[in-house]
Amino acid sequence: DAKTTQPTSMDCAEGRAANLPCNHSTISGNEYVYWYRQIHSQGPQYIIHGLKNNETNEMASLIITEDRKSSTLILPHATLRDTAVYYCIVRATSNTGNQFYFGTGTSLTVIP
Amino acid sequence: SAVISQKPSRDICQRGTSLTIQCQVDSQVTMMFWYRQQPGQSLTLIATANQGSEATYESGFVIDKFPISRPNLTFSTLTVSNMSPEDSSIYLCSVKGQGTDTQYFGPGTRLTVL
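Scoring rules and cut-offs
Residues numbered from 1 in each chain as written. Chains lettered and ligands numbered in written order. Predicted model: local features only at pLDDT ≥ 70, side-chain atom pairs only at ≥ 80, totals over all residues. Heavy atoms only, no water. Contact = heavy atoms within 4.5 Å. Buried area = accessible area lost by both parts, 1.4 Å probe. Polar contact = N/O pair within 3.5 Å; in protein donor to acceptor, adjacent residues only side chain to side chain. Helix = DSSP H or I, 4+ residues; strand = E, 2+ residues; numbered from the N terminus. Pairing = 2+ DSSP bridges. Axes fitted to C-alpha atoms, helices over the stretch in contact; angles between N-to-C directions. Phe/Tyr/Trp six-rings, centres within 6.5 Å; stacked < 30°, edge-to-face > 60°. Buried < 20%, exposed > 50% of the residue type's maximum accessible area, 1.4 Å probe, protein only. Salt bridge = Lys/Arg side-chain N within 4 Å of Asp/Glu carboxyl O. Disulfide = S-S within 2.5 Å.

Caption draft 1: Molecular detail of the interface of chain A and chain B. Facing the 21 residues of chain A at the interface are 19 residues of chain B. Around 1500 Å² of area is buried between chain A and chain B when both sides are counted, 51% of it from carbon and sulfur atoms. Linking chain A to chain B there are 3 residue pairs in polar contact (both at pLDDT 80 or more). Those elements giving two or more residues to the side of chain A that touches chain B turn out to be β3 (31-38), β4 (45-50) and β8 (84-92) of chain A. Among the elements that make up the side of chain A that touches chain B, the one with the highest residue count is β3(A) (3 residues).

Structure below.
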């Protein structure tokens, strides 16, 4: 699976959009981009994933560049409860394996 | 998404003892995994729990130290054997259901070894 690079930490003002970048320049054509977050002392929580097109759900939006070498997770109106470590993971789908390998993630702090 | 529970949620153990962590899912899943998260670190995959056969371990993890069972499609255990303070971590169970590539995680078991 391709490697990802994320900033170590970011701050965001409460109520503003949080834009979390992820670089995955070695991504292959069959690899998806997944985002998870981990609030302190809890298990990681699935947020969103995508292949080529931009995706949106009730939690966030995922913007993938046309060359697929980078992506951005957008939390449209950040709240204090969004303070967490956000992990960007690139992984191919297959019938075997399928386990996720986590990088160091971005520690997002939402400031009142 | 699957609902995953782990027991115990936390424990404090003495050096040299063993602890078995249970993972229960509310629906049948195809894949179950065990991860470790050491203090201040990211998640590291320990092994894939295979139903009816031996678990598949990642590099650096061995069956004698982390024996795993998976007797059916909804349950798995991870044992941390002959514990030392270096084993103090959060241990997380993760599952993948049929027809999806998304993984879901349990709440974790926080282990402290004295």
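Caption draft 2: Seen up close, the sheet that holds strand β2 (residues 18-23) of chain A. Residue and element names in this part refer to chain A. Spatially, β2-β7-β6-β5 is the arrangement adopted by the 4 strands of the open sheet, whose pairing is antiparallel. Two strands close off the open sheet at either side, each with one partner strand: β2 and β5 (55-56). The pairing of β5 with strand β6 (residues 61-64) spans 2 bridges and is antiparallel. Pairing of Glu-55 across the sheet is with Leu-62, part of β6.

Caption draft 3: Local environment of the sheet that holds strand β7 (residues 68-72) of chain B. Residue and element names in this part refer to chain B. What the 4 strands build is an open sheet, ordered β1-β3-β8-β7; its pairing is antiparallel. Each edge of the open sheet is held by one strand with a lone partner, namely β1 (4-7) and β7. With strand direction ignored, the average angle separating the axes of adjacent strands in the sheet is 15°. Sheet topology note: the β7/strand β8 (residues 75-80) ladder contains 3 bridges and is antiparallel. Among the inter-strand pairings, Ser-69 is bridged to a residue of β8, identified as Thr-77.

Caption draft 4: Looking closely at the environment of A:Ile63. Residue position: A:Ile63 is located in strand β6. Put simply, A:Ile63 and A:Gly43 are 20 residues apart on the chain and 25 Å apart in space, counted from C-alpha to C-alpha.

Caption draft 5: Quick peek at the packing of aromatic side chains. Residue and element names in this part refer to chain A. The final tally for this structure, using the stated rule, is 11 aromatic pairs over all chains. Ring centres 5.1 Å apart and planes at 85° place the aromatic pair Tyr-87 and Phe-102 in the edge-to-face group. Pair noted here: Tyr-87 is in strand β8 and Phe-102 is in the loop between β8 and β9 (106-111), with a separation of 15 residues, a long-range link. A single burial state applies to Tyr-87 and to Phe-102, both of which are buried.

Caption draft 6: Main features of the pattern of salt bridges. Residues and elements named next belong to chain A. Inspection of every chain in the model, using the stated rule, returns 2 salt bridges over all chains. Notably, a salt bridge pairs Asp-82 with Arg-37, separated by 2.8 Å at the nearest N-O pair. Note that Asp-82 is positioned in the loop between β7 (70-75) and β8 and Arg-37 in strand β3, a separation of 45 residues in sequence. The residues Asp-82 and Arg-37 share a single accessibility class, namely buried.

Caption draft 7: Here's a closer look at the state of the cysteines. Enumeration over the complete set of coordinates arrives at 2 disulfides over all chains. A:Cys22 shares a disulfide with A:Cys88; S-S distance 2.1 Å. The S-S bond linking A:Cys22 to A:Cys88 shows a torsion near -80°; that makes this disulfide left-handed. Pair noted here: A:Cys22 is in strand β2 and A:Cys88 is in strand β8, with a separation of 66 residues, a long-range link. In this structure A:Cys22 comes out as buried when scored by relative accessible area, which is 1%. Sulfur-sulfur distance for the disulfide between B:Cys23 and B:Cys93 comes to 1.9 Å. The sign of the -65° torsion about the S-S bond sets the B:Cys23-B:Cys93 disulfide as left-handed. Highlighted residues: B:Cys23 in strand β3 (residues 19-25) and B:Cys93 in strand β9 (residues 89-96), separated in sequence by 70 residues. Residue class for B:Cys23 comes out buried when judged on its relative accessible area of 0%. Its relative accessible area of 0% is what places B:Cys93 among the buried residues. B:Cys23 supplies the cysteine sulfur nearest to B:Cys13, a cysteine that is in no disulfide, at a spacing of 18 Å.

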